[in-house]
Amino acid sequence: MDFFTVPCGDVAAALTEWYKQNARDLPWRKEVTPYRVWVSEIMLQQTRVEAVKPYFERFINALPDVYALAAAEDAFLHKLWEGLGYYSRVRNMKKCAGRLVSEFGGILPQDPAVLRSLPGIGSYTAGAIAAIAYGVPAPAVDGNVLRVLARLCDCNADIAQTAVKRDAEKCIAQLIPEHDVSAFTQSLFELGATVCIPGGDCKCEKCPVAAYCLAKQHGTAAVLPFHSDKPPRKKEEKTVLLLRDNGRYMLHKRPDKGLLAGLWEFPNMAGRLNEAEAAEAARKLHFEPLQVRALPAAVHIFTHKEWHMTAYLMDGAFEKDDLVTADAAEIKSVYALPSAFAVYRAIALNE
Ligand code: SF4
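In short, a report on the structure.

Re empty space enclosed by the protein
Applying the stated criterion across every chain, the model contains one cavity of 30 Å³ or more. When its volume is computed, the largest cavity comes out at roughly 120 Å³. Around the largest cavity sit 15 residues that line it, and Arg 151, Cys 196, Cys 204, Cys 207 and Cys 213 are the ones nearest its centre. The element best represented in the lining of the largest cavity is helix H10 (residues 143-152), accounting for three residues. Its residues assigned to classes, the lining of the largest cavity shows twelve nonpolar, no polar and three charged.

What follows is the structure in structure tokens.
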């Protein structure tokens, strides 16, 4: 079924020219290699450009190529990724790097179908690597591109549906110019990020394809694209304990599977415990609290759930020798704590 009709006019040329004049100066655009494109595209999934910039530089400096990534320790990767979230992305990158080393001579393939067969590389990322790094005319359709296309075509099909996304890829494939594939592909990302932005704030007066845009003509841009309602996020109450003995905090490693797998955390438990209940919970963890202080509450939003956290800082004594503990310097340099604990990590570092 066709949901999108290819817009009239030379949309590709207008976008490509505009991109060449207006592209933002981003670290991964300075030197375009398949490895750098891959790293940046994985980092940019679900994460803002400004947040990614320092991570990208650090990652590339630490792991400049596929071979270095394939050989990296998980703990080191987690530390490099600390705060970016969705840690399975970096673990899949390592798996993928291993396959690239063993089967592809350490080189990312050009063929989008082959790229899609590798761990952590879906249709969008395969298209982006093929088009940006190799100039292969492959569509790369993410949320930004879906929004731009839905507006250009004034299409109100539900972009949550796979069939609609597939049709968007078909439509973009027809728009890709013979030359400047890389610039064209990035122009769509750039337009979606800086001009054709979500909601009613799109800057149509600055848009290079306004003359071809049906949503602009019909006044429908603010309500496009249509996305069927996502299920509400589940709220979970948690109590987080900062258990400190002579400047060292107790840490706990999360299970190897599931949310934030394999990362470190401050001990925590389900529910909103009062001070006495929290002290009792600390004793069960082999910590004898002498002083208990309530910390500010914090909320962390994941894609499908929210953590509403109550927390206590306790000074006291560890009562077991084999506990994992760390001082502020070690928390900073050795242990990767996910950003869900950012408020409490900051307290541990600064107290
Ligand atoms: Fe988006 Fe407006 Fe450009 Fe249409 S004219 S593509 S709605 S910014």
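After presenting the structure, the write-up continues.
Overview of the side chain of Asp 158
Note on placement: Asp 158 falls in the loop between H10 and helix H11 (162-175). There is a polar contact of 2.9 Å between the side chain of Asp 158 and the backbone nitrogen of Ala 160. Side chain to side chain, Asp 158 and Ser 228 meet in a polar contact 2.8 Å long. Among residues more than four places away in sequence, those in contact with Asp 158 are Val 164, Phe 226, His 227 and Ser 228.

Side note on the pattern of salt bridges
It is possible for side chains of opposite charge to pair when their charged atoms get near one another. Per the stated rule, a full pass over the model turns up 25 salt bridges. Linking Glu 236 and Lys 305 is a salt bridge whose minimum nitrogen-to-oxygen distance equals 3.0 Å. Here the residue Glu 236 occupies a position in strand S1 (residues 234-245), and Lys 305 occupies one in strand S7 (residues 305-318), the gap between them amounting to 69 residues. Taking relative accessible area as the criterion, Lys 305 reaches 23% and is therefore assigned partly exposed. A single network of salt bridges, built from pairs that share partners, joins Asp 2, Asp 167 and Lys 170.

Some remarks on the site of the ligand
Lining the immediate environment of the ligand, one finds Arg 151, Val 195, Cys 196, Cys 204, Cys 207, Ala 210, Cys 213, Lys 216 and Ala 221. Here the residues of the shell around the ligand are counted per class, giving seven nonpolar, no polar and two charged.

Some thoughts on the pairing of S1
Put simply, side chains in a regular strand alternate between the two faces of the sheet. Of all twelve residues making up S1, nine are buried, and the element is well covered by its neighbours. Where S1 meets S7, eleven bridges bridge the pair, whose relative direction is parallel. Bridging from a neighbouring strand, Arg 244 pairs with Asp 315 of S7. Alignment of S1 against strand S5 (residues 268-270), held across three bridges, turns out to be antiparallel. By the bridge assignment for S5, Thr 239 is matched with Met 269. Of the pairings in the sheet, the one linking S1 to strand S2 (residues 248-250) comprises two bridges and is antiparallel in character. Across the sheet, residue Asp 245 finds its bridge partner in S2, namely Arg 248.

Here's the deal with the nonpolar core
Ranked by size, the top nonpolar core spans 105 residues in total, and within it Trp 38, Phe 59, Leu 242, Phe 266 and Tyr 344 carry the most contacts. Beyond its immediate sequence surroundings of up to four residues, Phe 59 is in contact with Tyr 35, Val 39, Met 43, Leu 69, Leu 77, Leu 80, Trp 81, Val 90 and Met 93. Membership of the second largest hydrophobic core comes to 13 residues, among which are Leu 241, Ala 278, Ala 281 and Phe 318.

What about the layout of surface pockets?
As a volume, the largest pocket reaches approximately 1,400 Å³. Going through the elements one at a time, helix H2 (27-30), helix H3 (34-44), helix H9 (123-134), H10, H11 and helix H12 (181-194) are the ones with two or more residues in the lining of the largest pocket. Grouping the constituent residues of the lining of the largest pocket by class yields 19 nonpolar, 15 polar and ten charged. As a volume, the second largest pocket reaches approximately 400 Å³.

Comments concerning the packing of H10 against H12
Relative orientation of the contacting elements H10 and H12 amounts to 80°, with a least axis distance of 8 Å. Between H10 and H12, the angle is such that the two are roughly perpendicular. Residues Asn 144, Val 145, Arg 147 and Val 148 of H10 form the contact with H12, whose own contacting residues are Leu 188, Phe 189, Leu 191, Gly 192 and Ala 193. Considered class by class, the residues forming the contact of H10 with H12 number six nonpolar, two polar and one charged.

Thoughts on the packing of H10 against H11
Packing of H10 against H11 brings their axes to within 11 Å, and their N-to-C directions diverge by 75°. Viewed along their axes, H10 and H11 adopt a mutual orientation that is roughly perpendicular. Along its contact with H10, which presents Val 145, Leu 146 and Leu 149, the element H11 presents Lys 165, Ala 168, Cys 171 and Ile 172. Taken together, the residues of the contact of H10 with H11 sort by class into six nonpolar, no polar and one charged.

Focus: the pairing of strand S6 (residues 287-301)
Of the pairings in the sheet, the one linking S6 to S7 comprises twelve bridges and is antiparallel in character. Looking across to S7, one finds that Arg 293 is bridged to Leu 313. Count of turn residues in the S6/S7 antiparallel hairpin: three residues.

Considering the packing of aromatic side chains
Applying the stated rule across the entire model yields ten aromatic pairs. For the ring pair Tyr 124 and Phe 189, a centre distance of 5.7 Å and an interplane angle of 55° mean the geometry is tilted. Taken together, the residues Tyr 124 in helix H9 and Phe 189 in helix H12 connect sequence positions 65 residues apart. Measuring from centroid to centroid gives 4.9 Å for Trp 264 and Tyr 335, while their planes differ by 85°, and the two rings are edge-to-face. One end of the pair, Trp 264, is in strand S4 (residues 264-265); the other, Tyr 335, is in the loop between helix H15 (328-333) and helix H16 (342-350), with 71 residues separating them in the sequence. Both residues of the pair, Trp 264 and Tyr 335, belong to the buried class. Ring-pair connections join several aromatic residues into one group, and the members of that group are Tyr 249, Phe 266, Phe 302, Trp 307 and Phe 341. Sitting over the ring of Trp 307, Lys 238 keeps its end group 4.8 Å from the ring centre.

The rules behind these values
Residues numbered from 1 in each chain as written. Predicted model: local features only at pLDDT ≥ 70, side-chain atom pairs only at ≥ 80, totals over all residues. Heavy atoms only, no water. 1 Å grid on protein atoms, 1.4 Å probe; cavity = no way out; pocket = protein on both sides within 12 Å on 5 of 7 lines; lining within 4 Å. Points joined across faces, edges and corners; volume = space filled by probe spheres on them. Helix = DSSP H or I, 4+ residues; strand = E, 2+ residues; numbered from the N terminus. Nonpolar A, V, L, I, M, F, W, Y, C, P; charged D, E, K, R; others polar. Polar contact = N/O pair within 3.5 Å; in protein donor to acceptor, adjacent residues only side chain to side chain. Contact = heavy atoms within 4.5 Å. Salt bridge = Lys/Arg side-chain N within 4 Å of Asp/Glu carboxyl O. Buried < 20%, exposed > 50% of the residue type's maximum accessible area, 1.4 Å probe, protein only. Near = heavy atom within 4 Å. Pairing = 2+ DSSP bridges. Core = buried A, V, L, I, M, F, W, Y, C linked by side-chain atoms within 4.5 Å. Axes fitted to C-alpha atoms, helices over the stretch in contact; angles between N-to-C directions. Parallel < 35°, antiparallel > 145°, perpendicular 65-115°, else oblique. Phe/Tyr/Trp six-rings, centres within 6.5 Å; stacked < 30°, edge-to-face > 60°. Lys NZ or Arg CZ within 6 Å of the ring centre and 35° of its normal.

Note that every value here comes from positions in space, so none of it alone points to a role or purpose.
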